[in-house]
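# Structure assessment
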Amino acid sequence: MDTSLTPVLEEVLRRNPGEQEFHQAVREVFDSLGPVLAKHPQYADAGVLERICEPERQIIFRVPWVDDAGRVQINRGFRVEYNSALGPYKGGLRFHPSVYLGIVKFLGFEQIFKNALTGMPIGGGKGGSDFDPRGRSDAEVMRFCQSFMTELYRHIGEHTDVPAGDIGVGGREIGYLFGQYKRITNRYESGVLTGKAVTWGGSLVRTEATGYGTVLFTEQMLATRGMSLDGLRVSVSGAGNVATYAIAKAQHLGARAVTFSDSSGYVVDDAGVDLELLRDVKEVQRGRAADYVARRPSARLVTDGSVWDVPVDVALPCATQNELTEADARTLLRNGVVAVAEGANMPATPDAAATLHRGGVLFGPGKAANAGGVATSALEMQQNASRDLWSFEHTEDRLAEIMVGIHDRCAQTAEEYGMPGNYVVGANIAGFLRVADAMLALGVV
Ligand code: NDP
Ligand code: 2IT
């Protein structure tokens, strides 16, 4: 890291003790910014780095609710409104027992640069709760969402802060959250949340957008080497929203997706993942990996080791942060992997990302590769503002155009700064420049 950045990073670490994931995300961006600050001293002069690391507003609140047995439960709710230089705060809500302020801040920080990279008018934010939806009834999830929104509603709005889904928050939760927002405010304000169902204000393609976008980004990276996904073997981790539609798009482009995973282990299906079965098990039945294997003779469940042990040409981590370690990166390299793209946020550890890059692997960082989800959320906001509903084809064309734009912006920026093929540097610098220029224009606020 450039020495001019060290004191700023040290101050961030001192002011935010114990927030490991947040520290990791800041360090990763700072590692890329040395040449930018050398070339453009105005950013340091205006305190842009110090300001960009400090959220504009952080909200932490109690979420009380009553479970099916009549017991009172308490969870903690978060919304970190990180940066609004480019538009209203925008980013998902994560419901997972591991959620604490450090995770919400890492995700919110990443989101600033990701959203900037899309070229759309959206700032960065993130939220969530340590609520664990697993094993909870529909009625419990509804009561939790209603209680969560009973506090959150006063902080959000279509021009202020627009949450969406993330881990543990999908269409069902967005529905319950919107229902409570509408009831409390007495406003049918469609643009306050994205990821809505198409029957009441959502956008076609939003469900598929993150996974599709990750694969489109991968296809763009492969094209720089005269390759395509057609005929390649692909491994995917996770079995949720991003993983499912990454598998769908990879298969559509002629690849064979041979794995998925959840917290119970990973599934290898050498015949290629049966997408309809996976969707039935996960989206309809809310089941586990073993339920898929029980209905699919070509598949086996592995409960030790790592999904990255499976030899593939392309790996798409789509579950959670730090799920692909340096040892995994070495295994992938040994097995001849050509490309890795992050469908999840920060799934590769810093060492893993460096090892893959050094090994000549095409590496698409999450803030570029998974930006199709939030970009399509911005398209949903656009449709809401004009009270319109676009066709699937038109929306998917827009998504594809946006992903090509992000890929090219990253590639060109990396080249301009003397590191051709380094998508990490390209994404960090291109994202930073767009936000930093807006921050300069808006003054010290
Ligand atoms: P889902 O809740 O739909 O799915 C998450 C999947 O990952 C599940 O299969 C889950 O398994 C697994 N998983 C989550 N946490 C862990 C863990 N700690 N250990 C092992 N497995 C885990 O979430 P999404 O698909 O929406 O999100 C996946 C990733 O993509 C996240 O990093 C998210 O931030 C990122 N992302 C999501 C976007 C979106 O639009 N949804 C947009 C951009 C990025 P189990 O059910 O067993 O917990
Ligand atoms: O990490 C992400 O980009 C998301 N979870 C999607 C955010 C959004 O507002 O659609």
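A brief look at the structure comes next. For clarity, every value in this text was computed on a predicted model and none was experimentally measured.

## Some thoughts on the sheet that holds strand 10 (residues 299-302)
If you trace the three strands from one edge of the open sheet to the other, you get 8-9-10, paired in antiparallel fashion. Whereas interior strands pair on both sides, the edge strands pair on one side only; in this sheet they are strand 8 (259-262) and strand 10. Averaged over all adjacent pairs, the angle separating strand axes in this sheet is 20 degrees, with direction ignored. Judged from the four bridges that link them, strand 9 (residues 265-269) and strand 10 form a sheet pairing that is antiparallel. Following the sheet pairing, Y266 is matched in strand 10 by V302.

## Some remarks on the site of ligand 2
K90, Q111, K114, K126 and S377 are the nearest of the 14 residues found near ligand 2. Contact distances for ligand 2 include 3.0 Å between an oxygen atom and a side-chain N or O atom of R206. At 3.0 Å from an oxygen atom of ligand 2 is found a side-chain nitrogen or oxygen belonging to N345. For ligand 2, whose unbound accessible area comes to 300 Å², protein coverage reaches 94%. Put simply, the parts of the chain that give the shell around ligand 2 at least two residues each are strand 3 (89-95), helix 5 (101-117) and helix 15 (372-385). Considering only residue class, the shell around ligand 2 consists of two nonpolar, seven polar and five charged.

## Notes on the pattern of salt bridges
One pass over the full model with this rule turns up 29 salt bridges. In this structure, D68 engages R143 in a salt bridge whose closest nitrogen and oxygen atoms are separated by 2.7 Å. You can see D68 sitting in the loop between strand 1 (57-66) and strand 2 (72-83) and its partner R143 sitting in helix 6 (residues 138-152), a full 75 residues away along the chain. With a relative accessible area of 49%, D68 lands in the partly exposed category. A salt bridge links R279 to E283, with the nearest nitrogen and oxygen atoms 3.1 Å apart. Residue R279 and its partner E283 are both found in helix 10 (residues 275-284); the two are separated by four residues, about one turn of the helix. By relative accessible area, R279 is classed as partly exposed at 29%.

## Describing the pairing of strand 5 (residues 161-164)
Side-chain alternation along strand 5 places D161 and P163 on one buried face and V162 and A164 on a second face that is also buried. Alignment of strand 3 against strand 5, held across four bridges, turns out to be parallel. If you follow G91 over to strand 5, its bridge partner there is P163.

Rules of the game
- Residues numbered from 1 in each chain as written.
- Chains lettered and ligands numbered in written order.
- Predicted model: local features only at pLDDT ≥ 70, side-chain atom pairs only at ≥ 80, totals over all residues.
- Heavy atoms only, no water.
- Pairing = 2+ DSSP bridges.
- Helix = DSSP H or I, 4+ residues; strand = E, 2+ residues; numbered from the N terminus.
- Axes fitted to C-alpha atoms, helices over the stretch in contact; angles between N-to-C directions.
- Near = heavy atom within 4 Å.
- Polar contact = N/O pair within 3.5 Å; in protein donor to acceptor, adjacent residues only side chain to side chain.
- Areas by Shrake-Rupley, 256 points an atom, 1.4 Å probe, with all protein chains shown as cover.
- Nonpolar A, V, L, I, M, F, W, Y, C, P; charged D, E, K, R; others polar.
- Salt bridge = Lys/Arg side-chain N within 4 Å of Asp/Glu carboxyl O.
- Buried < 20%, exposed > 50% of the residue type's maximum accessible area, 1.4 Å probe, protein only.

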